[in-house]
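Examination of the molecular architecture
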Amino acid sequence: MQYTSTRNAALRASAGEAIVTGLAPDGGLFVPVEIQTLDINALQGKTYAEIAAVVLGGFLPDYPAEFLQQAVSQCYTTPFGGKAGHMVSLAPDLFSLELWHGPTAAFKDYALQLLPKLLVQGKQQINESSQTLVLVATSGDTGSAALSGFAGVEGTSIACFYPQNGTSLVQRLQMTTQTADNVAVYAVKGNFDDTQRGVKTAFSNKQLAQELAAKGVKLSSANSINWGRLVPQVVYYITSYLQLCHQGSIAYGDLVDYCVPTGNFGDIMAGYYAKMLGLPIGRLLCASNENNVLADFMATGTYSTKRDFYKTSSPSMDILVSSNLERLLYHESGSDEAVRSWMQQLATSGEYTVTPQVLEAIRESFDAGWADEAAVAQEIQAVYNEYGYLCDTHTAVALRVVREKRLQGGYNRPLVVLSTASAYKFSGNVLQALGQPVPENEFDAIAKLEQLTNTQAPPQLSQLAQQQERFSAVINRDEVENIPLTLV
Ligand SMILES: *Cc1c(COP(=O)(O)O)cnc(C)c1O
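The sections below set out a description of the structure shown in this document. On a predicted model such as this, the values are computed, not experimentally measured, just so you know.

**Some thoughts on the site of the ligand**
Surrounding the ligand, one finds 15 residues, the nearest of these being Lys108, Gly263, Asn264, Asp267 and Thr420. Interatomic distance of 2.8 Å between a backbone N/O atom of glycine 263 and an oxygen atom of the ligand. Between the ligand and aspartate 267 there is a distance of 2.9 Å, counted from an oxygen atom to a backbone nitrogen or oxygen. When isolated, the ligand has an accessible area of 380 Å², and the protein chains bury 97% of it. Of the residues belonging to the shell around the ligand, the class tally is five nonpolar, seven polar and three charged.

Have a look at this one:
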């Protein structure tokens, strides 16, 4: 399989090049030139890692099969405690795909455990001998998952920058207790925007790039537009569908709907690729929080960032520019020229409108809905009361959207909700939704939620309270660009 750019369909790149370079030279995203269908039925009975090896092998034909087999078995067995792709039934037609059994208890682990390995192997394939220094600006979740993935991976190092008082205690400890030699973590004075601006300045500093190059080091990012972050997510759509077959909830070929709590449109886009492989997906239901830019887009064809930005209880979905949507626009319009024009309009005027034909094509596979903060809290309570099931704020957005669509008479097929984080990552919000007072200390909140619901927090979260904080540096935004040279 070869790759091209959403903004220049004449470009060709190997999977290795796409993953190592991240963004196409024209600023577009890498997408497959064509996708051949896969005999998914033949994968029944295989393990998560076995299925991952087959699916990734199709998308990454230049990666040796042995390498992929080894990489996926390292990533998806022990680090996920044997629960990769774990799914539970809430009702005969409603399933929760729990994607939070990995090292940092959120779904980003699926991509970020594997990406470092794909990057190192990709460099080998394109004869890139430099060391990779990854810089990440994080508001919490991405940083911890990236640190965990890159920890100890030879040929790479990673520096994470987070806003000094902008993360939860658990999120901070997930970062600052990392022990590997090749990781570093810094608090930046200010908010997430300040942090991000500091990191962007480092990336655009040409002198820094030259001085690093002289030492054989190249900067890289781990953000979710990298093809290497998207492709691992295709796998769990397939394993969840096959599990429904295995447990007799459906017969192979029956359509299943998926509802995905969405921010940057990466996770749900992986579902679209699973559908292109031939997975019998009915509809991909995109669920947003109060930052409902995608719901408006699917309803009207106009994508507009000219709106208020809300900080919600589902912070990983607080996004106004959903970068991965560009991939869908390319596939459904079939026109790099149209994508270039829309992205240009987005950059200059904050909005664009697709043609009615493109909107209609998108709606053949997608639908959208959103939930406000009160509805999310109600949903956490309702799901707990009805199913005895504890869900986090992001998952609750999706469950709420499903509830409303079903009340309107739609979505009668079996439906899988992607559960993207453990409820214990957002213990305070969840306790509050359940009508409980919220202890000030986050570990007290975790303990209280355990007691109240008679469930257990993922040990990787509760154990953080006992671990030593290793990184305590606090820096100014304009000091971020000085850090890389101190690390090489
Ligand atoms: C990142 C994230 C999302 C959104 O995923 P996208 O791929 O950005 O759409 C949803 N829930 C959680 C918990 C996340 O960390």
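Let us keep going from here.
**With respect to the packing of helix 3 (residues 65-76) against helix 4 (residues 108-125)**
Axes are the key here: two packed helices are described by the angle between their axes and the distance separating the axes. Running from amino to carboxyl end, helix 3 crosses helix 4 at an angle of 150 degrees, the nearest separation of the two axes being 10 Å. Relative to helix 4, helix 3 is oriented roughly antiparallel. With respect to the hand of their crossing, helix 3 and helix 4 are arranged in right-handed fashion. Two secondary-structure elements touch here, helix 3 through Phe67, Leu68, Ala71, Val72, Gln74, Cys75 and Tyr76 and helix 4 through Tyr110, Gln113, Leu114, Lys117, Leu118 and Gln121. Of the residues in the contact of helix 3 with helix 4, the class split is nine nonpolar, three polar and one charged.

**Comments concerning the layout of surface pockets**
To find the voids left in a structure, one rolls a probe of water-molecule size over its atoms. As a volume, the second largest pocket reaches approximately 280 Å³. Surrounding the second largest pocket, 15 residues form its lining, Trp100, Tyr424, Thr455, Gln456 and Pro458 being those nearest its centre. A per-class count over the lining of the second largest pocket returns eight nonpolar, six polar and one charged.

**Remarks on the side chain of threonine 6**
Along the polypeptide, threonine 6 turns up in the loop between strand 1 (3-5) and strand 2 (8-13). A polar contact is formed between the side chain of threonine 6 and the backbone nitrogen of leucine 29, at a distance of 2.9 Å. When residues no more than four places from it in sequence are discounted, the contact partners of threonine 6 are Gly28, Leu29, Val31, Glu326, Arg327, Tyr330, Asp336 and Val339.

**Notes on the pairing of strand 4 (residues 87-91)**
Inspection of the sheet shows strand 4 paired to strand 5 (residues 94-98) by four bridges, in the antiparallel sense. Its bridge partner lying in strand 5, methionine 87 is registered against leucine 97.

**Examining the sheet that holds strand 3 (residues 30-32)**
Strand order in the open sheet formed by three strands is 2-1-3, and the pairing between neighbours is antiparallel. With one partner strand each, in any of the chains shown, strand 2 and strand 3 form the two edges of the open sheet. Shown here is a sheet whose adjacent strand axes are inclined to one another by a mean of 40 degrees, direction ignored. Across three bridges, strand 1 lies against strand 3 in antiparallel orientation. Paired with serine 5 across the bridge in strand 3 is phenylalanine 30. Strand contacts of helix 13 (residues 325-333): strand 1, strand 2 and strand 3, with the helix running at about 45 degrees to strand 3, the strand carrying the most contacts.

**Quick look at the packing of aromatic side chains**
Centre-to-centre distance and the angle between the planes together describe a pair of aromatic rings. By the definition in use, this model includes 22 aromatic pairs. When the ring of tyrosine 48 is compared with that of tyrosine 76, the centres are 5.3 Å apart and the planes differ by 65 degrees; the resulting orientation is edge-to-face. Here the residue tyrosine 48 occupies a position in helix 2 (residues 48-59), and tyrosine 76 occupies one in helix 3, the gap between them amounting to 28 residues. Under the relative-accessibility criterion, tyrosine 76 is labelled buried at 3%. On the numbers, 5.3 Å between centres and 15 degrees between planes, the contact of phenylalanine 161 with tyrosine 186 is stacked. Placement of the pair is phenylalanine 161 in strand 7 (residues 156-163) and tyrosine 186 in strand 8 (residues 183-188), with a sequence separation of 25 residues. We note that phenylalanine 161, like tyrosine 186, is buried. Linked through ring pairs, Tyr3, Phe59, Trp227, Phe265, Tyr272, Tyr273 and Phe366 together constitute an aromatic cluster.

**Section: helix 15 (residues 356-365)**
Of the positions making up helix 15, those classed as buried are Val358, Leu359, Ala361, Ile362 and Ser365. An end-on view of helix 15 places all buried positions within 160 degrees of arc, on one side of the element. Residues Pro356, Gln357, Glu360 and Glu364 are exposed on helix 15 and point more than 90 degrees away from its buried face. For helix 15, the elements touching its buried residues are helix 11 (266-276), strand 11 (281-288), helix 12 (293-300), helix 13, helix 14 (336-349) and strand 14 (366-370).

**A word on the nonpolar core**
Ranked by size, the top nonpolar core spans 124 residues in total, and within it Phe59, Leu60 and Tyr237 carry the most contacts. Considering each element in turn, this core owes the most residues, nine residues, to helix 10 (residues 234-246). Those residues in contact with leucine 60 that sit more than four places away from it in its chain are Tyr3, Ala15, Ile19, Leu68, Leu118, Trp227 and Val231.

**Some remarks on the environment of leucine 487**
With respect to the helices and strands, leucine 487 occurs in helix 21 (residues 483-487). When its relative accessible area of 31% is taken as the criterion, leucine 487 is described as partly exposed. Sequence spacing of leucine 487 and valine 183 is 304 residues, and the spatial spacing of their C-alpha atoms is 9.1 Å. For leucine 487, the contacting residues outside a window of four places in its chain are Leu133, Ala159, Ala184 and Tyr186.

Parameters and conventions
- Residues numbered from 1 in each chain as written.
- Predicted model: local features only at pLDDT ≥ 70, side-chain atom pairs only at ≥ 80, totals over all residues.
- Heavy atoms only, no water.
- Near = heavy atom within 4 Å.
- Polar contact = N/O pair within 3.5 Å; in protein donor to acceptor, adjacent residues only side chain to side chain.
- Areas by Shrake-Rupley, 256 points an atom, 1.4 Å probe, with all protein chains shown as cover.
- Nonpolar A, V, L, I, M, F, W, Y, C, P; charged D, E, K, R; others polar.
- Axes fitted to C-alpha atoms, helices over the stretch in contact; angles between N-to-C directions.
- Helix = DSSP H or I, 4+ residues; strand = E, 2+ residues; numbered from the N terminus.
- Parallel < 35°, antiparallel > 145°, perpendicular 65-115°, else oblique.
- Left-handed = near helix turned anticlockwise from the far one by under 90°.
- Contact = heavy atoms within 4.5 Å.
- 1 Å grid on protein atoms, 1.4 Å probe; cavity = no way out; pocket = protein on both sides within 12 Å on 5 of 7 lines; lining within 4 Å.
- Points joined across faces, edges and corners; volume = space filled by probe spheres on them.
- Pairing = 2+ DSSP bridges.
- Phe/Tyr/Trp six-rings, centres within 6.5 Å; stacked < 30°, edge-to-face > 60°.
- Buried < 20%, exposed > 50% of the residue type's maximum accessible area, 1.4 Å probe, protein only.
- Arc of directions from axis to C-beta.
- Core = buried A, V, L, I, M, F, W, Y, C linked by side-chain atoms within 4.5 Å.

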